[in-house]
Structures are given as C-alpha cells and as structure tokens.
Amino acid sequence: MSDKPSIENRFERGLFASRWLMAPMYLGLVVALGMMTVIFVRELFYYLPQVLDLTAEDMILAALTLIDLTLAANLLLIVLFSGYENFVSKFDFDAGADRPGWMGKVDFGGLKMKLIASIVAISGIHLLKKFMEIRDIDTAVAFGQSEMFWLVVIHLTFVVSGVLMALMDYLQAKAYKS
C-alpha cells in the first residue's frame, strides 16, 4: 500500500493516462501517410506515359521527386512508430521478421537524429532539384539568385543544426560515462 494520499495517486494516474491524448495525433500521421501515398502514385502515373519522351535530366528530376516523397513518408513512419512507442505505449504484438530492427530501440535522442537526418536529406534533394532545373544562365536569373541563395542557406542551417545536435548528444553521452 502506498503512503501517498489517495488524491495524489489519482492525480498521478490521470497525468500518466494523459499520454493517450497523443493517440489521435498518431492516427492523423497515418492519414498523412495515406495522403502521401496518393501523391506518390499520382506523380508516378504522371511520369509513366512520358517515360519515352523524357530527357535524362527530366527523368532524374522525376526520380528525385519520388525519392523526396519516399523520404518524407519514411520520416512519418519513424515519428509514428518511435513516438508511439516512446510516449504512449509499446506495441504488444510480435511482428516477427517483419518488425524493423530499429523499432523499440530508438529513444528520443535517436528519434531527433533520424528526424534531422531525414530533413537534411529532403532539403538536399529539393536543392538538387532546383539546381537541375537551371538549364542556362537566363533561367537562373529568371528563378532568382536570391531564392537560390536562401535555399542554400536554409539547407546549410539544417546541416549545421544536425551536426550541433549530434555533438550535443555525443557530449551528453560522454558526460554520463564520466
């Protein structure tokens, strides 16, 4: 029997149960994943009839678009599974060999690293697509040197943020070992 007052126990149980308020948010991420799948299929069927007429550069741009969507969907899955397991409840079923190796092993720090790595990759692909869309100097001026500058600055900001987050995690882990 606990020495705590009954009201304190009920309050703490209520606080602990409040984690289930996150469950609808994870369901919303499942809906967002479905929406991304629809967009991916739409893009795929847009490019399929044109495949014989596409230049190599246009095909690379199409592939980068599909890769971009896939990385964003992977990011959604990582947040969905890791977030649910870290903050709401563990998955109680045995998925066997189908269970991804990282599931159940990604803590909040690992989730942050996967998140920033995915954001950097998505940003890098978006930047590469913009660079590839520039076919000549006139197009570059039409797109705007200022816009391209800011795309690079934003991407570098994501990269530096990722490196700093990794450094902080490293220093924190090193401090715990001491």
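Up top is the structure these notes are about.
Residues numbered from 1 in each chain as written. Predicted model: local features only at pLDDT ≥ 70, side-chain atom pairs only at ≥ 80, totals over all residues. Heavy atoms only, no water.

### Topic: the packing of aromatic side chains
Turning to step 1, where the next piece is worked out: Scanning the model with the defined rule gives four aromatic pairs in all.
Turning to step 2, where the next piece is worked out: Between the aromatic rings of Tyr-26 and Tyr-84, the centroid separation amounts to 6.2 Å while the plane-to-plane angle is 85°, which identifies the pairing as edge-to-face. Here Tyr-26, found in helix H2 (residues 23-47), pairs with Tyr-84, found in helix H3 (residues 56-87); they are 58 residues apart in sequence, far enough to count as distant.
Turning to step 3, where the next piece is worked out: Centre to centre, the rings of Tyr-46 and Tyr-47 are 5.0 Å apart; their planes meet at 80°, and the pair counts as edge-to-face. (Phe/Tyr/Trp six-rings, centres within 6.5 Å; stacked < 30°, edge-to-face > 60°. Helix = DSSP H or I, 4+ residues; strand = E, 2+ residues; numbered from the N terminus.)

### Regarding the pattern of salt bridges
Turning to step 1, where the next piece is worked out: Scanning all chains against the criterion turns up one salt bridge.
Turning to step 2, where the next piece is worked out: In this structure, the salt-bridge partner of Glu-43 is Arg-42, at a minimum N-O distance of 3.5 Å. (Salt bridge = Lys/Arg side-chain N within 4 Å of Asp/Glu carboxyl O.)

### Concerning the environment of Phe-81
Turning to step 1, where the next piece is worked out: In this structure, Phe-81 sits in helix H3.
Turning to step 2, where the next piece is worked out: Relative accessible area serves as the criterion here: at 22%, Phe-81 is assigned to the partly exposed category. (Buried < 20%, exposed > 50% of the residue type's maximum accessible area, 1.4 Å probe, protein only.)

### Brief notes about the packing of H2 against H3
Turning to step 1, where the next piece is worked out: It is the contact of H2 with H3, at a shortest axis distance of 10 Å, that shows an interaxial angle of 165°. In terms of orientation, H2 lies roughly antiparallel with respect to H3. In this structure, H2 meets H3 at a crossing whose hand is left-handed.
Turning to step 2, where the next piece is worked out: Counted by class, the contact of H2 with H3 contains 21 nonpolar, three polar and one charged residues. (Axes fitted to C-alpha atoms, helices over the stretch in contact; angles between N-to-C directions. Parallel < 35°, antiparallel > 145°, perpendicular 65-115°, else oblique. Left-handed = near helix turned anticlockwise from the far one by under 90°. Nonpolar A, V, L, I, M, F, W, Y, C, P; charged D, E, K, R; others polar.)

### Some remarks on the packing of helix H4 (residues 108-133) against helix H6 (residues 145-177)
How two helices pack is summed up by the angle between their axes together with the distance between the axes.
Turning to step 1, where the next piece is worked out: Two elements in contact, H4 and H6, have axes separated by 10 Å at closest approach and are oriented at 160°. Taken as axis vectors, H4 and H6 run roughly antiparallel relative to one another. The element H4 and its partner H6 pack so that their crossing is left-handed. Each of Gly-109, Lys-112, Met-113, Ile-116, Ile-119, Val-120, Ser-123, Gly-124, His-126, Leu-127, Lys-130 and Phe-131 in H4 lies in contact with H6, whose residues at this interface are Met-148, Leu-151, Val-152, His-155, Phe-158, Val-159, Ser-161, Gly-162, Met-165, Ala-166 and Asp-169.
Turning to step 2, where the next piece is worked out: For the contact of H4 with H6, the residue count by class is 13 nonpolar, seven polar and three charged. (Contact = heavy atoms within 4.5 Å.)

All we've got here are geometric facts, nothing functional implied.
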